[in-house]
Amino acid sequence: MIKLAFVLLIFVYSWFFQIQNQEWDILRSMLKDANNMAVHDASQELNEAERARGRLVIDPAEAYSTFRQTLQYNLGLDDGLSPLAGSRLQDQVKIVKFVIVDDSTGVTFPLLYEDSVYGITKYIQGPSVIAVIETQHPVLISRSKVQEAIIVPAVQEYRTDD
């Protein structure tokens with residue numbers, strides 16, 4: 001009887017561990033999709049005065065505002081990026097990096113963009129928005145080891161038709 005109870009305990013623990021890993025996969029996929037959409041929308045916020053001068057410059061304030069709004073809409077978040085009722089997320093989403101690389105930064109394209117902290121290495125052909133978001137790892141099983149946050153990078157270039 002004790003063996004059966006032990007086997008059942010191991011089974012239940014393994015089952016919860018597997019559910020927790022599935023939830024991590026689902027949340028990471030949701031965050032990746034939302035971040036991709038948000039950097040895409042942000043990259044469209046061109047400064048029209050600069051564009052009239054022949055320079056592609058992304059308006060930083062508009063781009064950041066659009067980025068946040070797209071994240072909020074696609075992840076079910078409030079103004080503080082905390083989950084609303086009904087959101088799949090359980091913890092606040094943090095924007096840990098938001099960078100614009102465009103004609104205002106004095107770079108020439110193509111450019112090899114590298115960020116070793118977040119594991120981003122990409123040749124960018126033109127003005128781009130780079131963002132990294134994170135949220136806490138879902139916890140179904142309390143363990144002594146704290147799970148690392150889910151960190152999701154995204155890069156979006158402003159597309160020009162050359």
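Refer to the structure presented above.
Residues numbered from 1 in each chain as written. Predicted model: local features only at pLDDT ≥ 70, side-chain atom pairs only at ≥ 80, totals over all residues. Heavy atoms only, no water.

## With respect to a nonpolar patch on the surface
Taken together, the side chains of Leu8, Phe11, Val12, Trp15 and Phe16 present a nonpolar region at the surface, about 500 Å² in accessible area. Secondary-structure assignment places phenylalanine 11 in helix 1 (residues 2-43). Relative accessible area serves as the criterion here: at 53%, phenylalanine 11 is assigned to the exposed category. (Patch = residues over 30% accessible without salt bridge, like charges linked within 9 Å, V, L, I, M, F, W, Y side chains within 5 Å. Areas by Shrake-Rupley, 256 points an atom, 1.4 Å probe, with all protein chains shown as cover. Salt bridge = Lys/Arg side-chain N within 4 Å of Asp/Glu carboxyl O. Helix = DSSP H or I, 4+ residues; strand = E, 2+ residues; numbered from the N terminus. Buried < 20%, exposed > 50% of the residue type's maximum accessible area, 1.4 Å probe, protein only.)

## Observations regarding helix 1
Residues separated by three or four positions in an α-helix point in the same direction, a consequence of the helix having 3.6 residues per turn. Along its 42 residues, helix 1 runs 61 Å from first to last C-alpha, staying within 8% of the 62 Å computed at 1.5 Å per residue. All of the buried residues along helix 1 are Gln20, Glu23, Leu27, Leu31, Ala34, Asn35, Ala38, Val39, Ala42 and Ser43. Contacts made by the buried residues of helix 1 are with helix 3 (60-75), strand 1 (94-101), strand 4 (128-135) and strand 5 (150-157). (Expected span 1.5 Å × (residues − 1). Contact = heavy atoms within 4.5 Å.)

## A word on the sheet that holds strand 4
Strand order in this open sheet of 3 strands is 1-4-5, and the pairing throughout is antiparallel. Each edge of the open sheet is held by one strand with a lone partner, namely strand 1 and strand 5. Each strand axis lies, on average, 10 degrees off the axis of its neighbour in the sheet, ignoring direction. By the bridge criterion, 7 bridges tie strand 1 to strand 4 in an arrangement that is antiparallel. Directly across from valine 101, in strand 4, lies its bridge partner serine 128. Helix 1 rests against strand 1, strand 4 and strand 5 of the sheet, and its axis sits at about 30 degrees to strand 5. Relative to strand 1, helix 3 is tilted by about 140 degrees, and along the sheet it contacts strand 1 and strand 4. (Pairing = 2+ DSSP bridges. Axes fitted to C-alpha atoms, helices over the stretch in contact; angles between N-to-C directions.)

## Considerations on the side chain of lysine 97
Residue placement: lysine 97 occurs in strand 1. Residue classification places lysine 97 among the buried positions, given a relative accessible area of 19%. Discounting chain neighbours no more than four positions away, the residues touching lysine 97 are Tyr113, Asp115, Tyr118, Ile130, Ala131 and Val132.

## Quick word on the environment of aspartate 103
Note on placement: aspartate 103 falls in the loop between strand 1 and strand 2 (111-115). On the basis of relative accessibility, which here comes to 26%, the residue aspartate 103 falls in the partly exposed class. Considered as a pair, aspartate 103 and valine 57 are 46 residues apart in the sequence and their alpha carbons are 5.6 Å apart. With residues near it in sequence (within four places) discarded, aspartate 103 still touches Arg55, Leu56, Val57 and Phe109. At 2.8 Å, the side chain of aspartate 103 forms a polar contact with the backbone nitrogen of leucine 56. (Polar contact = N/O pair within 3.5 Å; in protein donor to acceptor, adjacent residues only side chain to side chain.)

## Description of the nonpolar core
Residues Leu31, Phe67, Leu71, Leu75, Val93 and Ile133 are the most contacted members of the largest nonpolar core, which totals 25 residues. If you list the elements that add at least two residues to this core, you get helix 1, helix 3, strand 4 and strand 5. In terms of residue count, helix 1 provides more of this core than any other element does, 6 residues in total. One finds Val101, Tyr113, Ile120 and Val132 within the second-largest nonpolar core, a separate group that totals 6 residues. (Core = buried A, V, L, I, M, F, W, Y, C linked by side-chain atoms within 4.5 Å.)

That is the geometry; function is a separate question.
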